[in-house]
Every structure is written in C-alpha cells, then in structure tokens.
Amino acid sequence: MLHICYSGQEGNDMNRNKLNDEELLQILFNTNWSDSEDGLDNSDHEQDLNNVQIPEHVDYPTNVNDEVSFDLLDLPVEMQFDTGETLILPSDSKSNLTYQNQNTTPRRSIRQAFSSPTESTSNTTNQSHSRPKEKNIELTNLKWKKGNLITPSACLKFNEPTLHNDLLSLETPLDFFAYFFNTELLIKIKEETELYSVQLNPNKPVTLSIDEIKRYLGICIYASVLHVPKIRDYWSVDLGFPLIYNTMSRNRFELIKSVLHFNNNAIMLLPNNPNHDRLHKLRPIIDHLNNRFSSIPCKETLSLDEQLCATKAKSYMKQYLPDKPHKWGFKLFILTDTQGYAYRFEIYSGQENNPIFRKTTEPDFGASSNVVIRLTRNVPVNSNHKIYFDNYYTAIPMMEYLYNKNIYSLGTVRLNRLPNCPLPDKNQEKKNEKRRFN
C-alpha cells in the first residue's frame, strides 16, 4: 500500500509539501503493486491484483524540464465495484492543481472494492458479537424496597414424604448398592460389553456373566480404598490383597477392563453432527442412576453446587477448579439434601445449554440458571421445597420461575445481576470502616 506523509508549515494556511515530477514518477512506477495491501498472500482476489492503473486520458510528463506540480491528496479517487459501477470521489482540498501540459484534471484508479459472501458473513458476525447485550426490560423496571423479608406461614409448611416399602426393606450397604446398580443395569453392561468385544475382534468374542460383573465392580471399589503403586500389585505376593486375587484372576480382570462398555458405538453420531452427544458412551449409566436417585423422595431443604471428580486421564472435558481439593477432573453439578444424598447429577460436557438437550417447556435463562432448571425437574411442585446455591446460579428470572412452582430459593448474589438495586459500594464500605477504626 502506498503511504505518503506530508509535514505542515506554520502560517495562516496549512501548506502541503508537493512532489515534483521525478519524485512522483519514481514512487508510482517503482512500487510493487502486486503485493497485498495488508501484507497477506490471499487477502485479495487474483483478478484484482493487476487492476491498479492510471486512466488513459491522463498524460504524464516525459520531459524533465516540464513544469509539473500537483498534490496526491488533491486527486479524485475512482472506485470500481464488482457490479461494474464506478464511483468517483472528488477532492476535499481547496488547493489548486497546476498542470501545464494538459487541462484535464488527473485521476487515479485504485483496486476494485469487492465484498465476498464469507467476508460479509464474518463482518455481520463480528458486529453481532460486538453489540452490547440488550438488558431485559422487566429487570430494568424493577423497583426495590428497603425492609425486612416477610414470609407467609403457608410457604413454610412442609409435609415430610414417606419412603416406599422397597426402600424400608433395605438394611445393609450391599442392599443399598444393589438398589441403584440393579439387575437391569448389570444386564445392560453385560450386553454392551459382549457387543463391543465382537466389534473389536469377531474371532475372539468375550462372554461374561452377571456374577463376573459384580466381582469386577467389587474389585474396583476395593481398589479405591486400598492403594498400591500399580494395578497388578493387587495380585502380587508381597502387596496382594486376598479378597481381590481370590475373587478374580489378574488376566480375567484386565480382559474385562479392556472391553468394558455401556453403550453401542455403532449408533454414536459423528462430532460434526448437531445432535452429537459427547457423553454417548456414558449416557445409559447417567440416565439410569438419575432415575434411581430421583426415586427417593426429596427432603425440604436442598442444595445445588458443583463437584469435581479427580482424574489424570486425558480428556477435553477436564476442568480446572482452583478452589477444590483436587484441581483437575470432570465437573459435576449435583442436587443434594442437607445430609449429602444426591437426587440428581449432571456431568459438564459443554453441551448442556444446547436446545436439543433442553425440554420445550423449559425457558432459557442462560447457562448457569439452566443448570438449576434441569436439576430441579423431579422436585415436586407446590410442596414448599427450599433450594440453596451460591452466586454462580443466583438470577432473578430463574428464582421467579421456581417461585411460581412454589419452590423457594436462597443464594448469594452478584451485583451485576441486580439491575437498579441501590446496594452500597464495597470500596466505599471499606473506606467507611477504616474511618470508623481510626
């Protein structure tokens, strides 16, 4: 791109330094016009690279002694578009052009001004992202009142639900575990594991039994409590654990581990498909456990927060939470009661806020508020349940939505989610505290 700089002179009128004919010709004819204007190789169309030209009716001096002097900034600009239209922009300067060889006003032509569909789309996208988000009119019209919170007595009344008979019959920890990992889930794991072994190698299919799957799960539970340097050390002579190596051989355990599956890979959609589920391989386990967890009646007070499942595995779904005991792992959103029982959980995959994973009857309040809406699907309405959460989830539209279902919520809040609320400034409060202390 041609850049010519001028320096002004002091005086009543600002005079520009003018180029003589030799300087002008040297700049015009020694410039490599085939280079891209922005320095990129593919920034301009190939058909436009040689479009820089001077109109034919402009005569340039051939004799050095000819007296020629004109200002480049005074030249009109001729712009040619893809449609064939030509736009001539006149000079904005009032200075006179002196051209003794010809009376015609010289003009210069520049590259075609083109706009491709890709560029127009990207420009539109950038403009849409650069626009500030329009605030909800209802939120901006809120009127805040100063006073104490008065809760009607009818909102505080809660009838404690009774447990089913099949839950009352559970006594040992094994009974409770078998209630969630029931025979239906074990059969599903057996079928999908055998199917995957056939897909992996049809000549060597793996046949399992329900009892073997129970033994495999038992070894995994023991391994989470008893730690050894390597997994094979559970079957070693020095570090081995009798309940493990007497339950299943090492080779059989490793074989089941290599083919263990919970869903059919053949029906998994490609990543470029809009309906692709990143948790496809775990979806049957997640849905089954959520259904079994939700079969327990909810208590009056509930809590919603995130939890980290620590792992060293390589996965793009791993999250970093510096405030957690384990910094790296899979993030889970969990709805629990005051005693820690989880009624529903959700593994963060980055797809939760997509419309295909949201029910048509559920509103869209944003990523953080939608987590509360999804996890409270099975909370009974009109029962005066109370839900507590932190400022990541607190939002007025979501809390109003729960309030209309007689589900009351309480949580810390961020100031940017309370429009027009005359709360005191933190910095000012700190200054006032220092003054009182002094």
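Residues numbered from 1 in each chain as written. Predicted model: local features only at pLDDT ≥ 70, side-chain atom pairs only at ≥ 80, totals over all residues. Heavy atoms only, no water.

- As annotated in an unreviewed UniProt entry, the protein is PiggyBac transposable element-derived protein 1-like isoform X1 from Sipha flava.

### Observations regarding the packing of aromatic side chains
So, step 1. Tallied over the full model, the rule gives 16 aromatic pairs.
So, step 2. Ring centres 6.4 Å apart and planes at 75 degrees place the aromatic pair F293 and Y341 in the edge-to-face group. Placement of F293 in helix 11 (residues 283-294) and of Y341 in the loop between strand 8 (328-337) and strand 9 (342-347) is noted, with a sequence separation of 48 residues between them.
So, step 3. The class for F293 is buried, based on a relative accessible area of 16%.
So, step 4. When its relative accessible area of 23% is taken as the criterion, Y341 is described as partly exposed.
So, step 5. Considering the side-chain rings of Y341 and Y343, the 5.0 Å spacing of their centres and the 80 degrees angle between planes classify their relative orientation as edge-to-face.
So, step 6. Looking at Y343, the relative accessible area reads 3%, which means it is buried.
So, step 7. Among the aromatic residues, those joined into a cluster by ring pairs are Y179, F180, F293, Y341, Y343 and F345.
So, step 8. One Lys or Arg, R292, reaches over the ring of Y179 and ends 4.1 Å from the middle of that ring. (Phe/Tyr/Trp six-rings, centres within 6.5 Å; stacked < 30°, edge-to-face > 60°. Helix = DSSP H or I, 4+ residues; strand = E, 2+ residues; numbered from the N terminus. Buried < 20%, exposed > 50% of the residue type's maximum accessible area, 1.4 Å probe, protein only. Lys NZ or Arg CZ within 6 Å of the ring centre and 35° of its normal.)

### Regarding the confidence of the model for the protein
So, step 1. Put simply, the protein has an average pLDDT of 77, and 68% of its residues get 70 or more.
So, step 2. A low-confidence stretch, residues 1-15 stays under pLDDT 50, and its non-local contacts, those more than four residues away or across chains, total 19 contacts.
So, step 3. Counted against residues more than four places away or in other chains, residues 93-133, with its pLDDT under 50, gives 74 contacts. (pLDDT = per-residue confidence, 0-100. Contact = heavy atoms within 4.5 Å.)

### Comments concerning the layout of surface pockets
So, step 1. Reported here for the largest pocket is a volume of approximately 960 Å³.
So, step 2. Lining the largest pocket are 26 residues, with L149, M399, Y403, Y408 and S409 sitting closest to its centre.
So, step 3. Secondary-structure elements contributing two or more residues to the lining of the largest pocket are helix 4 (153-156), strand 10 (385-389), helix 13 (396-403) and strand 11 (407-411).
So, step 4. Here the lining of the largest pocket takes 5 residues from strand 11, the largest share from any one element. (1 Å grid on protein atoms, 1.4 Å probe; cavity = no way out; pocket = protein on both sides within 12 Å on 5 of 7 lines; lining within 4 Å. Points joined across faces, edges and corners; volume = space filled by probe spheres on them.)

### With respect to empty space enclosed by the protein
So, step 1. Applying the stated criterion to the full structure yields 2 cavities of 30 Å³ or more.
So, step 2. Its volume calculated, the second largest cavity comes out at about 40 Å³.
So, step 3. The wall of the second largest cavity is formed by S294, C298, L335, Y343, R344, L375, N378 and V379.
So, step 4. By residue class, the composition of the lining of the second largest cavity is 5 nonpolar, 2 polar and 1 charged. (Nonpolar A, V, L, I, M, F, W, Y, C, P; charged D, E, K, R; others polar.)

### Looking at the pattern of salt bridges
So, step 1. Going through the model one piece at a time under the given rule, you end up with 10 salt bridges.
So, step 2. Note that R252 is salt-bridged to E212, the shortest N-O span being 2.9 Å. A residue pair is termed long-range when its members are at least 10 positions apart, and R252 in helix 10 (residues 250-259) and E212 in helix 8 (residues 210-225) qualify at 40 residues.
So, step 3. A relative accessible area of 23% places R252 in the partly exposed class.
So, step 4. With a relative accessible area of 19%, E212 lands in the buried category.
So, step 5. With its nearest N and O atoms 2.9 Å apart, the salt bridge here joins D277 to R283.
So, step 6. Owing to a relative accessible area of 15%, D277 belongs among the buried residues under this scheme. (Salt bridge = Lys/Arg side-chain N within 4 Å of Asp/Glu carboxyl O.)

### So, unusual backbone geometry
So, step 1. Backbone geometry places N384, a non-glycine residue, at a positive phi of 65 degrees.
So, step 2. Locating N384 in the fold gives a position in the loop between helix 12 (367-375) and strand 10.
So, step 3. Overall, N384 belongs to the buried group, its relative accessible area being 10%.
So, step 4. Positive phi, close to 60 degrees, is recorded for N406, a residue that is not glycine.
So, step 5. With respect to the element layout, N406 can be found in the loop between helix 13 and strand 11.

### A short note on the environment of P325
So, step 1. Mapped onto the elements of the fold, P325 is located in the loop between strand 7 (319-320) and strand 8.
So, step 2. In this structure P325 comes out as exposed when scored by relative accessible area, which is 77%.

### Remarks on the nonpolar core
So, step 1. Ranked by size, the top nonpolar core spans 50 residues in total, and within it L302, L304, F345, V372, F389 and Y393 carry the most contacts.
So, step 2. Not counting residues within four places of it along the chain, the set of residues in contact with F345 comprises I286, L289, N290, F293, L332, F333, I334 and L375. (Core = buried A, V, L, I, M, F, W, Y, C linked by side-chain atoms within 4.5 Å.)

### Points about the side chain of T394
So, step 1. Assignment of secondary structure puts T394 in the loop between strand 10 and helix 13.
So, step 2. Within polar-contact distance, the side chain of T394 engages the backbone oxygen of D390 at 3.1 Å.
So, step 3. In this view, T394 contacts F389, M399, G411, T412, V413 and R417; residues no more than four positions away in its chain are not counted. (Polar contact = N/O pair within 3.5 Å; in protein donor to acceptor, adjacent residues only side chain to side chain.)

### A few points about a nonpolar patch on the surface
So, step 1. On the surface, a nonpolar cluster with roughly 350 Å² of combined accessible area is contributed by Y222, V225, L226 and L243.
So, step 2. Residue placement: L243 occurs in helix 9 (residues 242-245).
So, step 3. Accessibility expressed as a relative area gives 46% for L243, which makes it partly exposed. (Patch = residues over 30% accessible without salt bridge, like charges linked within 9 Å, V, L, I, M, F, W, Y side chains within 5 Å. Areas by Shrake-Rupley, 256 points an atom, 1.4 Å probe, with all protein chains shown as cover.)

### A closer look at the pairing of strand 6 (residues 301-310)
So, step 1. In this sheet, strand 10 lies alongside strand 6 in parallel orientation, the contact comprising 3 bridges. Opposite T301, over in strand 10, you have K386 as the bridge partner.
So, step 2. Note: strand 6 against strand 8, 9 bridges, orientation antiparallel. Paired with L308 across the two strands is K331, which belongs to strand 8. (Pairing = 2+ DSSP bridges.)

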